[in-house]
Amino acid sequence: MRHEHEGGGRRPRFFGHGDLRLVILDILTRSASHGYELIKEIENLTQGNYTPSPGVIYPTLDYLQDQTFITITEEENGRKKIAITAEGQRWLDENREQLEQIQVRIKARSVGFQLRKNPQMKRALDNFKAVLDLKVNQGELSDAQLKQIIGVIDRAALEISQLD
């Protein structure tokens, strides 16, 4: 389930280069898995905000196997069981800080996604962006006008942060 970005343009990639490798290894530390289960686990992790395609997952698994970070063994039913290796665990441990940053980003993006699912919130955010875009792009803004706009945004942020 891929969510298209409204208003044209490309939505930024959900994971940066190499991030998915760390996320997969982290999932595998909890249990051995199969490709489809990894896809579902990542979808759950991102609260439905991102579902990697098999065309993304399987080349990543191939890379991790080439690096000896995972093993892939064929089961009797023809499915392939994926497990992290000691080398993979070491690499994950060495990159723990990057994994934590990825987890913070996932949480932040998922919160924004949940907010945008609320119709009133979506309308209000779209209205705010449209008014701001119109005001800023309608012509030259004076330094005083720009300062006023920044002040309004800062006051709104402060008010929201002080809500109970």
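Please read these numbers as outputs of a predicted model, since none were measured by experiment. Residue positions are given per chain, counting from 1 as you read along its sequence in written order. Note on the predicted model: pLDDT of at least 70 is required for a residue's local features to be given, and 80 or more for side-chain atom pairs to be given and counted; whole-chain, interface and lining totals, by contrast, use all residues. Excluded from the side-chain calculation are hydrogens and water; included are all heavy atoms of the structure.

**Q** When you look at the side chain of Arg 21 in this model, what are you seeing that I'm missing?
**A** If you trace the backbone, Arg 21 turns up in helix α1 (residues 19-30). Throughout, a residue-residue contact means that at least one pair of heavy atoms, one from each residue, lies within 4.5 Å. Look past the residues within four positions of Arg 21 in its chain and what remains in contact with it is Thr 60, Tyr 63, Leu 64 and Trp 91. Every helix listed is a DSSP run of H or I at least four residues long, and every strand listed is a run of E at least two residues long, numbered separately from the N terminus.

**Q** Honestly, the pattern of salt bridges in this entry has me stumped. Any pointers?
**A** Side chains that differ in sign of charge can pair as their charged atoms come close. A carboxyl oxygen of Asp or Glu within 4 Å of a side-chain nitrogen of Lys or Arg is what we treat as a salt bridge. Applying the stated criterion across every chain, the model contains nine salt bridges. Residue Glu 43 pairs with Lys 40 through a salt bridge whose shortest N-O separation is 2.7 Å. In this pair, Glu 43 and Lys 40 both sit in helix α2 (residues 35-45), three residues apart, roughly one turn of the helix. Ionic pairing is found between Asp 126 and Lys 122, a salt bridge with its closest N-O pair at 2.8 Å. Here Asp 126 pairs with Lys 122, and both are found in helix α6 (residues 119-137), just four residues apart, close to one helical turn. Judged by its relative accessible area of 33%, Asp 126 falls in the partly exposed class. On the basis of relative accessibility, which here comes to 28%, the residue Lys 122 falls in the partly exposed class. For every residue, the accessible area (1.4 Å probe, protein chains only) is compared with the maximum for its type, and the residue is labelled buried under 20%, exposed over 50%, or partly exposed between those bounds.

**Q** Where do I start with α1 in this structure?
**A** The α-helix advances 3.6 residues per turn, and as a result positions three or four apart in sequence lie on the same side. What a helix is expected to span follows from its residue count: subtract one and scale by 1.5 Å. End to end, α1 covers 18 Å across twelve residues, agreeing with the expected 16 Å (1.5 Å per residue, within 8%). Taken as a whole, α1 has its buried residues at Asp 19, Leu 20, Arg 21, Leu 22, Val 23, Ile 24, Leu 25, Asp 26, Ile 27 and Leu 28.

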